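# Examining the three-dimensional arrangement
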Amino acid sequence: MPATDSPPFPGPERQKRGCFSSLIRLLFLLTLLIALVLPFTPFAGKIKKGIQDIVASARSTKERIITRDVMRDVIKEVPVVKEVTKEVIREVQPPLPDKYVPRKDIDVATLFNGITVKTNLITEQGGFASLERLDPEAYKAEFQLSIRVPKANQTLDELSRINKNLPSILPGLEVMLPAAKVSGFYHKLYENKTNRVQNDLTRLSKILDRHNFYDTETILELTHPTTQRRALLVQSEMDVVADGSDGDRMPTLEEYIYLSDYYQPFTSYAWAKTTKTPNPLLAKWEERLQKAQDEFSRKGLSSARNRDLKVMIDQLKLEVSDFKVRSSLIADKDPFIVLSLLFRGYADQNKFTPQIGDYAAVIHEGKIYPAICGDYGPSFKMGEASLLMAKTLNPKATPYIRPESDLKVTYLIFPGTAEKVRSAPDLAKWQEKCQALLGEVGGVGAGYALHVWEDPFKKPEPPPVTPPPTDAPVTPGTPGTMPTPPGVPSATTPPLPGPATAPIILTPIEPAPAATKSGDAKAAPAKSSGTKAKANKK
């Protein structure tokens, strides 16, 4: 076919070259556009500043690179290899039993209250578990408490084993002990202790502890063969009582005493108030009464709480009334001992029964102290005294620390000696009465003396008047001064003529001569100081 003049179709290379040239044109136009528009935008200043910084950095001094050789000590740590040996203990279980084996185990322990507990565990073959759990005899504890009740001291050797000074302090014991009798109150005391243990037998933590069970060595009924004076001798320890209050003598009371759980504001020995000074606890008790009444008036309380509040309110009302009309002993100021309640109610059938107000003597470590029976304590307890008595025996004693824990305290009580009318303590009178009663049972041995209590409420005496010095001028006729002797110049007259160095000697007035047996001579009347002063002036 003949060739034509029409252009040929473009090839692939030509098409590729046309696209690339178009892209270049587009980029050029965009660059031109940006160059024209950029000076009129906010970025123009930032771009200029960046270009200037690059140029300035290029013109700055070139950095010098200095190479140095540095010597370093390198410590190479050598690892320590520890050899650990692990010991593996494997528990080897005993072989399993192939049949029932009966047991009988015994264990012994001591409780905090001193009771030794010895338990026996005994097992025996029973029936089926479903049947045994219905039988109360299949799983039970049979409890048995064993107590050795002590015997009482009775001879002089036995008494002196506890207090070696007792025979020499009370020499009359030697003649009274042969006929002495262990009092029924001793056996009654340990009977009360045993009954209390029986009541608490199923509650081991509340059982009377060993110390308080064995708190009394003896109670002896003594009678002096000559004077027939009766006395009750008790050997025990000494616990502390901090009870009592008296607004008449002590209008304030330390808080630590009446905040004790065991504090009682009254003592069994009490008397009518003599002043209008309120009891130091009256305001506190009235506040407690008001709080109890306010709570009792609220609705919604349980019946048990209402019952407790009613009992509390009645008790507080009674105590508030007593505060206003009577006073009690103060344990911190008055020397008294506490009687066990087991004595109360036996005065009609036993002449040795001590009662409140009876006089007593407390003997400890070679000393003897006068006291009275001032309060009652628990019927299963013996050996208590006031805080004052306790501190005197042992300065370390407090309401919570007893002065003597061993049975080394001897209480000699004189039953039937209480005063008919009670009054505030008169320590001088107590001293005198105890001294006389001790004399009726043989007296106090040589080398020993009854302790003298100081009155804690005694007002201080005024200081003594100091006489003026002898060289001070004395005015004649002044009360309390020595009259001027004749011939001696007084303070109101000029001195007699004489040497300047001559001392003035005061010559005492000679007493008037006594009359002779025949009565002829008479005493010359003494002249008054005023007469002598006038004579000197003349």
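Okay, so let's go over this structure.

Rules of the game
Residues numbered from 1 in each chain as written. Predicted model: local features only at pLDDT ≥ 70, side-chain atom pairs only at ≥ 80, totals over all residues. Heavy atoms only, no water. Helix = DSSP H or I, 4+ residues; strand = E, 2+ residues; numbered from the N terminus. Buried < 20%, exposed > 50% of the residue type's maximum accessible area, 1.4 Å probe, protein only. Areas by Shrake-Rupley, 256 points an atom, 1.4 Å probe, with all protein chains shown as cover. Core = buried A, V, L, I, M, F, W, Y, C linked by side-chain atoms within 4.5 Å. Contact = heavy atoms within 4.5 Å. Phe/Tyr/Trp six-rings, centres within 6.5 Å; stacked < 30°, edge-to-face > 60°. Lys NZ or Arg CZ within 6 Å of the ring centre and 35° of its normal. Pairing = 2+ DSSP bridges. Polar contact = N/O pair within 3.5 Å; in protein donor to acceptor, adjacent residues only side chain to side chain. Salt bridge = Lys/Arg side-chain N within 4 Å of Asp/Glu carboxyl O. Expected span 1.5 Å × (residues − 1). Arc of directions from axis to C-beta.

### Section: the overall build of the protein
Along the protein, the regular secondary structure elements total 14 helices and 12 strands. The buried share of the protein, taken over its 538 residues, is 31%. Carbon and sulfur atoms make up 57% of the accessible area of the protein, which totals about 38,900 Å².

### Considerations on unusual backbone geometry
In this model, Gln228 sits at a positive phi of 60 degrees, which is unusual for a non-glycine residue. Residues other than glycine seldom take positive phi values, yet Glu365 does so here, at roughly 50 degrees. Along the chain, the position of Glu365 falls in the loop between β9 (359-364) and β10 (367-377). Of the residues examined, Glu365 reaches a relative accessible area of 48% and is grouped as partly exposed.

### What to know about the nonpolar core
Counting residues in each nonpolar core, the largest one holds 75 residues, and the members touching the most others are Leu222, Met238, Ile337, Met389 and Leu412. Contact partners of Leu412, with chain neighbours within four places excluded, come to Leu170, Leu222, Ala231, Leu232, Leu233, Tyr359, Ala360, Ala361, Leu438 and Val441. Membership of the second largest hydrophobic core comes to 18 residues, among which are Ala242, Leu253, Tyr263 and Leu289.

### Overview of the packing of aromatic side chains
With the rule as written, the count across this model stands at nine aromatic pairs. Where Phe185 meets Tyr346, the ring centres are 5.6 Å apart and the plane angle is 90 degrees; that geometry is what we call edge-to-face. Within this pair, whereas Phe185 is found in helix α7 (residues 184-199), its partner Tyr346 is found in the loop between β8 (336-340) and β9, the two being separated by 161 residues in sequence. The exposure class of Phe185 is buried, given its relative accessible area of 3%. Relative to Tyr214, the ring of Phe213 has its centre 5.0 Å away and its plane inclined at 75 degrees; by these criteria the two rings are edge-to-face. Since its relative accessible area comes to 4%, Phe213 is described here as buried. Judged by its relative accessible area of 32%, Tyr214 falls in the partly exposed class. An aromatic cluster is present here, built from Tyr186, Tyr190, Phe213 and Tyr214 joined pairwise through their rings. Note that Lys193 overlies the ring of Tyr190, its terminal NZ or CZ placed 5.6 Å from the centroid. Geometry around Trp285 places Arg288 over its ring, the cationic atom sitting 4.2 Å from the centre.

### Quick notes on the pairing of β8
Judged by how many residues are buried, β8 sits mostly within the fold: five of five residues are covered. Taking every second residue as pointing to the same face, both faces of β8 are buried, with Phe336, Val338 and Ser340 on one and Ile337 and Leu339 on the other. Here β8 pairs with strand β11 (residues 384-386) via two bridges, running antiparallel. Within β11, the position partnered with Ile337 by the bridge is Ala385.

### Regarding the environment of Leu316
As for its position among the elements, Leu316 is in helix α11 (residues 303-325). Considered as a pair, Leu316 and Ala292 are 24 residues apart in the sequence and their alpha carbons are 9.2 Å apart. Sequence-distant contacts of Leu316, defined by excluding residues within four places in its chain, comprise Trp285, Arg288 and Leu289.

### Regarding the side chain of Asp248
Relative to the elements of secondary structure, Asp248 occurs in the loop between β5 (230-241) and α9 (255-258). Polar side-chain contacts of Asp248 include one of 2.9 Å to the backbone nitrogen of Thr274. A polar contact of 2.4 Å, which involves the side chain of Asp248, links it to the side chain of Thr275. Contacts of Asp248, omitting those with residues within four sequence positions, involve Lys273, Thr274, Thr275, Thr277 and Ser327.

### A closer look at the pattern of salt bridges
Counted by the stated rule, this structure contains 19 salt bridges. Notably, a salt bridge pairs Asp239 with Lys381, separated by 2.9 Å at the nearest N-O pair. Of this pair, Asp239 sits in strand β5 while Lys381 sits in the loop between β10 and β11, placing them 142 residues apart in sequence. Lys381 shares its class with Asp239; the two are buried. One salt bridge connects Arg249 with Asp334, and the closest N-O pair in it is separated by 2.7 Å. Taken together, the positions of Arg249 in the loop between β5 and α9 and Asp334 in the loop between β7 (326-328) and β8 put the pair 85 residues apart, joining distant regions of the chain. Each member of the pair Arg249 and Asp334 is classed as buried. Taken together, the salt bridges that share partners define one network made up of Lys193, Asp215, Glu237, Asp239, Lys381 and Arg402.

### Topic: helix α13 (residues 427-439)
With 13 residues, α13 extends 18 Å from end C-alpha to end C-alpha; this agrees with the ideal 18 Å at 1.5 Å per step. Taken together, the buried positions of α13 are occupied by Leu427, Trp430, Gln431, Cys434, Leu437 and Leu438. Down the axis of α13, the sector holding all buried residues measures 135 degrees, keeping them to one side. Across from the buried face of α13, at angles greater than 90 degrees, the exposed residues are Ala428 and Glu432. Looking at the buried side of α13, the elements it contacts are β9, β10 and β12 (404-414).

Everything listed here is a matter of geometry and, on its own, says nothing about what the molecule does.
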